[in-house]
Amino acid sequence: MKLATLKGGRDGRLAVVSDDLARAADAGEVAATMQAAIDDWAAAAPALESLAAAVNAGEAETFPFDPSACAAILPRAYQWVDGSAYLSHVELVRKARGAEMPKNLYEDPLMYQGASDSMIGPTDDIALADEGWGIDMEAEVFAILDDVPMGVTPDAARSHIKLVGILNDVSLRNLIPAELGKGFGFLQGKPTTAFSPAVATPDSLGPAWDGTRMTLDMEVSLNGAPLGHPNAGTDLYFDIPTLIAHAAKSRRLAAGTILGTGTISNHDRGRGSACLAEVRVIETIEHGAPKTPFMRFGDRVRIEMRDAEGNSVFGAIDQRVVAYHQGS
């Protein structure tokens, strides 16, 4: 089953989407919003599955599915936590500045809690006030969780993964070092996050989901030129259930929590990269300095994941970087 949140009101309107992403049906009679569905998933999921079956069979009233009509899957999420589970990315960044990898990074995931009060849709502009901030994309896989108890084990965490999708975790690379230098964490360096048009239940993904991770390539392009196609299942050092267990070590996670894997990165450099920071550190290692600039106003980033037949799984994130003007 695939679901989407359509624009309309602060929290959007829940819709069921056909497997081929061509048609959608209003799901308001089951749950008005995605959060309402997650809050009562045991009751909502069977009704949504029934509607999805009717949509796919052509037996429900539908309308064309338009990604530009989509809001973020949870426009106001109760919690957004993001890991850095592809250690090839962390290793590269540290190597570029001549730093060793702390041994505990192989035992304990990196994770931060981001702003979740104003998420954006898959085709919404990345509006920022200064292109000198070092604007970067980060293509990731994410999961939406139901209520997770404190101290959950990785094995038990699997059952709390209700929906899966992809996202663009925008980073402002030139603001981050000063923030981290204060010893407290991200704030200004992590603006609003954008999400795929649709999300899917894990059981509907077939071999693309192995129970702990997506196993497909993440296609990332900038201004129409391929940046990379790293595989989301390869080199994932900490899988999604392990990340859930890490986040829930000392607290419960509320239904509607969004958990990201961090930037997808493979040791096979022939697969390219899912963010510009990685491109730049590779250039620094190989040539002594970066050559590729960060994104500028007018640039366009596209992020998508396709199945073995070449079909888009969640729809594409397709965004322009634009100048923000107060009041716009």
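Residues numbered from 1 in each chain as written. Predicted model: local features only at pLDDT ≥ 70, side-chain atom pairs only at ≥ 80, totals over all residues. Heavy atoms only, no water.

J.: Is there a simple way to think about the pairing of strand E18 (residues 317–323) in this case?
T.: With 5 of 7 residues buried, E18 is to be regarded as a mostly interior element. Bridge count between strand E7 (residues 126–128) and E18: 3 bridges; the pairing is parallel. Bridged to Ala127 within E18 is Val322. In this structure, strand E17 (residues 300–305) lies alongside E18, joined through 4 bridges in antiparallel fashion. Within the sheet, the bridge partner assigned to Ile303 lies in E18 and is Ile317. (Buried < 20%, exposed > 50% of the residue type's maximum accessible area, 1.4 Å probe, protein only. Helix = DSSP H or I, 4+ residues; strand = E, 2+ residues; numbered from the N terminus. Pairing = 2+ DSSP bridges.)

J.: Help me understand the pairing of strand E16 (residues 257–260) in this model?
T.: Within a regular strand, the side chains alternate between the two sheet faces. Neither face of E16 is exposed, since Thr257 and Leu259 on one face and Ile258 and Gly260 on the opposite face are all buried. Across 4 bridges, the pairing between strand E5 (residues 79–83) and E16 is parallel. In the strand pairing of E16, Asp82 is matched with Gly260. Across 3 bridges, the pairing between strand E9 (residues 139–145) and E16 is antiparallel. Paired with Ile144 across the bridge in E16 is Ile258.

J.: I'm lost on the environment of Trp209 in this one. Help?
T.: Within the secondary structure, Trp209 sits in the loop between strand E13 (199–200) and strand E14 (218–222). Judged by its relative accessible area of 11%, Trp209 is buried. If we skip the residues at most four places from it in the chain, Trp209 touches Ile161, Val164, Pro202, Met214, Thr215 and Ile240. (Contact = heavy atoms within 4.5 Å.)

J.: So what exactly am I meant to see when it comes to unusual backbone geometry here?
T.: Glycine aside, negative phi is the norm for most residues, and most peptide bonds take the trans geometry. Even without glycine at this site, Leu21 takes up a positive phi of about 65°. Here Leu21 falls in the buried class, since its relative accessible area comes to 13%. We note that Asp235 has phi near 65°; this positive angle belongs to a residue other than glycine.

J.: Looking at this structure, I do not really get the packing of aromatic side chains. What am I missing?
T.: Any aromatic ring pair is given by two values, namely how distant the centres are and how the planes are angled relative to each other. Here the structure, examined in full by the defined rule, presents 4 aromatic pairs. Judged by centre distance (5.7 Å) and plane angle (70°), the rings of Tyr106 and Tyr237 are edge-to-face. Of the two residues, Tyr106 sits in the loop between helix H3 (87–96) and strand E6 (111–113) while Tyr237 sits in the loop between strand E15 (225–228) and helix H6 (240–247), which places them 131 residues apart along the sequence. Aromatic ring contacts, followed pair by pair, group Tyr106, Tyr237 and Phe238 into a single cluster. Lying over the aromatic face of Phe186, Lys190 brings its terminal NZ or CZ to 5.3 Å of the ring centre. (Phe/Tyr/Trp six-rings, centres within 6.5 Å; stacked < 30°, edge-to-face > 60°. Lys NZ or Arg CZ within 6 Å of the ring centre and 35° of its normal.)

J.: Would you explain the nonpolar core in this entry?
T.: A general feature of soluble globular proteins is that nonpolar side chains tend to end up buried together. With 58 residues, the main nonpolar core has Val141, Leu205, Met214, Met218, Ile244, Met305 and Phe314 as its most contacted residues. Not counting residues within four places of it along the chain, the set of residues in contact with Met218 comprises Ala139, Glu140, Val141, Ile166, Gly228, His229, Pro230, Ile264, Ile303, Glu304 and Met305. Counting residues in hydrophobic clusters, the runner-up holds 32 residues, among them Ile38, Met119, Ala255 and Ile258. (Core = buried A, V, L, I, M, F, W, Y, C linked by side-chain atoms within 4.5 Å.)

J.: Where do I start with the sheet that holds E7 in this structure?
T.: Note: strands within a sheet are paired through backbone hydrogen bonds, in either parallel or antiparallel orientation. On the basis of which strands lie adjacent, the open sheet formed by 5 strands has the order E7-E18-E17-E14-E15 and mixed pairing. If you trace the sheet from one side to the other, it starts and ends with E7 and E15, each paired once. Neighbour-to-neighbour, the strand axes of the sheet open up by a mean angle of 25°, direction not taken into account. (Axes fitted to C-alpha atoms, helices over the stretch in contact; angles between N-to-C directions.)

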